[in-house]
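A structural walkthrough
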Amino acid sequence: QVQLVESGGGLAQPGGSLRLSCAASGFTFSNYAMSWVRQAPGKGLEWVSDINSSGGRTYYSDSVKGRFTISRDNAKNTVYLQMNNLKPEDTAMYYCAKDRGPVVAGPGLAEYDSWGQGTQVTVSS
């Protein structure tokens, strides 16, 4: 079965960096687009970023554009989220999600069919 396991979260200071990883198994990773989604305390889910199956196309929400970078290593079945210049408002549980197909139709338009358990990111001084 599909398994997505996030790691790399933790406590960071404002302006700091973290790199999240999501290790995938149970499906042919290179055939599917992947996404990162987050949920801040007391708030709903917020889309963060998408990457298509080849890694050749990426999308970002306005709130993270220019600070976060999504990437993937299809040989390692892993998708990453490099987060730089972190802000307190980035504090959230971060989830990776598998799309239903290889290509995302547009920013934030991925159709997820599997989720990981999440990794907590806290940005505070």
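Summary of the structure given here. Not measured: the values here are computed from a predicted model.

This part is about the overall build of the protein chain. For the protein chain, the count of helices and strands is zero helices and 11 strands. The linear arrangement of helices and strands in the protein chain, starting from the amino end, is β-β-β-β-β-β-β-β-β-β-β. The C-alpha atoms of the protein chain give 13 Å as radius of gyration, which agrees with the globular expectation for 125 residues (14 Å, within 12%). For the protein chain, the C-alpha atoms occupy an extent of roughly 40 × 25 × 25 Å along the three principal directions. The proportion of buried residues among the 125 residues of the protein chain is 46%.

Burial of the side chains of strand E11 (residues 119-123) is restricted to one face: Thr119, Val121 and Val123 are buried, whereas none of Gln120 and Thr122 on the reverse face is. Direction of pairing for strand E2 (residues 10-12) relative to E11: parallel, over a ladder of three bridges. The residue of E11 that forms the bridge with Leu11 is Thr122. The pairing of strand E9 (residues 92-99) with E11 spans three bridges and is antiparallel. Note on E11: the bridge partner recorded for Met93 is Gln120.

All right, on to the sheet that holds strand E7 (residues 68-73) then. If you trace the four strands from one edge of the open sheet to the other, you get E1-E3-E8-E7, paired in antiparallel fashion. Pairing within the sheet leaves two strands with one partner each, and these edge strands are strand E1 (3-7) and E7. Direction aside, the axes of adjacent strands within the sheet are offset by 15° on average. Pairing analysis gives five bridges linking E1 to strand E3 (residues 18-25), with the strands arranged antiparallel. Among the inter-strand pairings, Leu4 is bridged to a residue of E3, identified as Ala24.

Counting residues in hydrophobic clusters, the biggest one holds 26 residues, and the most contacted among them are Trp36, Phe68, Val79, Leu81, Met83 and Tyr94. Looking at this core, the elements with two or more residues in it are E3, strand E4 (34-39), strand E5 (45-51), E7, strand E8 (78-83), E9 and E11. Tallying contributions element by element places E3 first for this core, with four residues. Non-local contacts of Phe68, meaning those with residues more than four positions away in its chain, are made with Arg38, Val48, Tyr60, Leu81, Gln82, Met83, Asn84, Leu86, Asp90 and Tyr94.

Looking now at the state of the cysteines. Taken as a whole, this structure holds one disulfide when the rule is applied. The partner cysteine of Cys22 in its disulfide is Cys96, sulfur to sulfur 1.9 Å. One end of the pair, Cys22, is in strand E3; the other, Cys96, is in strand E9, and 74 residues separate them in sequence. The exposure class assigned to Cys22 is buried, which follows from its relative accessible area of 0%. We classify Cys96 as buried; its relative accessible area is 0%.

Per the stated rule, a full pass over the model turns up five salt bridges. Asp90 is the partner of Arg67 in a salt bridge, and the nearest nitrogen-oxygen pair spans 2.7 Å. With Arg67 in the loop between strand E6 (58-60) and E7 and Asp90 in the loop between E8 and E9, the pair connects residues that are 23 residues apart, well separated along the chain. In this structure Arg67 comes out as buried when scored by relative accessible area, which is 9%. For Asp90, a relative accessible area of 1% translates into the label buried.

Cut-off values and rules
- Residues numbered from 1 in each chain as written.
- Predicted model: local features only at pLDDT ≥ 70, side-chain atom pairs only at ≥ 80, totals over all residues.
- Heavy atoms only, no water.
- Helix = DSSP H or I, 4+ residues; strand = E, 2+ residues; numbered from the N terminus.
- Rg over C-alpha atoms; globule rule 2.2 N^0.38 Å.
- Buried < 20%, exposed > 50% of the residue type's maximum accessible area, 1.4 Å probe, protein only.
- Pairing = 2+ DSSP bridges.
- Axes fitted to C-alpha atoms, helices over the stretch in contact; angles between N-to-C directions.
- Core = buried A, V, L, I, M, F, W, Y, C linked by side-chain atoms within 4.5 Å.
- Contact = heavy atoms within 4.5 Å.
- Disulfide = S-S within 2.5 Å.
- Salt bridge = Lys/Arg side-chain N within 4 Å of Asp/Glu carboxyl O.

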